[in-house]
Amino acid sequence: MIDQPVPGLDEVLRRQRMIRAPYADRPVPRDLVRQILLDSRRAPSAGHSQGASFLVLEGDQTREFFELTHPNREDPESLQPCPVVVLPLEHPQAYLDRYSAPDKVQFGMGTDVGAWPVPYWTVDTAMAAMVVLLSATAHGLGGWFFAIFEGEAEVLRRAGVPEGMRPIGAIALGWPRDGAPTPGSRYPRRSDEDVIRWGQW
Ligand SMILES: Cc1cc2nc3c(=O)[nH]c(=O)nc-3n(C[C@H](O)[C@H](O)[C@H](O)COP(=O)(O)O)c2cc1C
C-alpha cells in the first residue's frame, strides 16, 4: 500500500478536505500511519527546532478519546469506526532550548515564551499537521483536523504525555466510507481578490 504511487500535488490539493469520522470498518496499517507522520518531518520549523511530536491512538483508544473529548458535541459512538486519532503535540520548551543555543541566543528568546513574536511551537506543529493531512490525502486516507474543547488533561494523563507538551487539536484518520461524503462547510471559499492583496490593502 505504501509502495503505491501517490498522485501529484495538484491532485492532492484538489482532493484535500476534511473527511470526518466515521470511516470504513477497515484497519489502517501502522506502517502507513508511520509513513504519513514521518512525512511531516519535511515541514519547516523555527531554527529547525523540530518541536512537533505525535501521539497515536488506535482501536479502542480512539473510542476512549472520543468519550473524553466529545468533538462537535456528537455521540462518541457515532464517530466509530475511527481506526486512528493522532494528537499533534506542541512543545514550547523545545524552542526555548533551541534558542538558548550559541547560534540563536542573541535573539533573546531562549528563556521566556512571552518574548516570541508569535508562538512558533504552535506554528510549526500546525505546519507539520498540514503535511500529515496532505500525506493522508495522497495515500487515499480521509483526515479530519478538529479542536479539543474538553478532556484534554485526562487524555494526556492516561497516555503519559510529559508535562509541557499539549495537542494543538486532533487528527482522525481512516479510509473514507464508500458513497458517504461527509458534509463540507456551508461557507464558500473566499474570492481570489479577497485572499490576495498585491502591495497595498
Ligand atoms: C484550527 C482548526 C480547528 C478545527 N476545528 C474543527 C472542529 O472542531 N470540528 C470539525 O468538524 N472541524 C474542524 N475543523 C475543520 C474545518 O471546519 C474545515 O477545515 C473547514 O470547514 C474547511 O473545510 P475543508 O477542510 O473540508 O475544506 C478545524 C480546522 C482547523 C484548521
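In what follows, the structure referred to is the one given above.
Figured I'd write up the structure that's included with this text. (Residues numbered from 1 in each chain as written. Predicted model: local features only at pLDDT ≥ 70, side-chain atom pairs only at ≥ 80, totals over all residues. Heavy atoms only, no water.)

**Some words on a nonpolar patch on the surface**
Working step 1: A grouping of V118, V123 and M127 is seen on the molecular surface, where their side chains present a nonpolar patch of about 200 Å² in accessible area.
Working step 2: Within the secondary structure, V123 sits in helix 5 (residues 120-138).
Working step 3: In this structure V123 comes out as partly exposed when scored by relative accessible area, which is 31%. (Patch = residues over 30% accessible without salt bridge, like charges linked within 9 Å, V, L, I, M, F, W, Y side chains within 5 Å. Areas by Shrake-Rupley, 256 points an atom, 1.4 Å probe, with all protein chains shown as cover. Salt bridge = Lys/Arg side-chain N within 4 Å of Asp/Glu carboxyl O. Helix = DSSP H or I, 4+ residues; strand = E, 2+ residues; numbered from the N terminus. Buried < 20%, exposed > 50% of the residue type's maximum accessible area, 1.4 Å probe, protein only.)

**Side note on the environment of R98**
Working step 1: Position of R98 relative to the elements: it lies in helix 4 (residues 92-98).
Working step 2: In this structure R98 comes out as partly exposed when scored by relative accessible area, which is 22%.
Working step 3: Residues R98 and L173, spaced 75 residues apart in sequence, show a C-alpha to C-alpha distance of 31 Å.
Working step 4: Excluding residues that lie within four positions of it along the chain, R98 makes contacts with G47, S49, D103 and K104. (Contact = heavy atoms within 4.5 Å.)

**Considerations on the nonpolar core**
Working step 1: Ranked by internal contacts, the top residues of the largest apolar core, which has 21 residues, are F65, V85 and L87.
Working step 2: Every element with two or more residues in this core is listed here: strand 1 (53-58), helix 3 (60-69), strand 2 (84-90), strand 3 (142-146), helix 6 (152-159) and strand 5 (170-174).
Working step 3: With 3 residues, strand 2 is the single largest residue contributor to this core.
Working step 4: Leaving out residues up to four positions away in the same chain, F65 has contacts with L57, V85, L87, F146, I148, V155 and A170. (Core = buried A, V, L, I, M, F, W, Y, C linked by side-chain atoms within 4.5 Å.)

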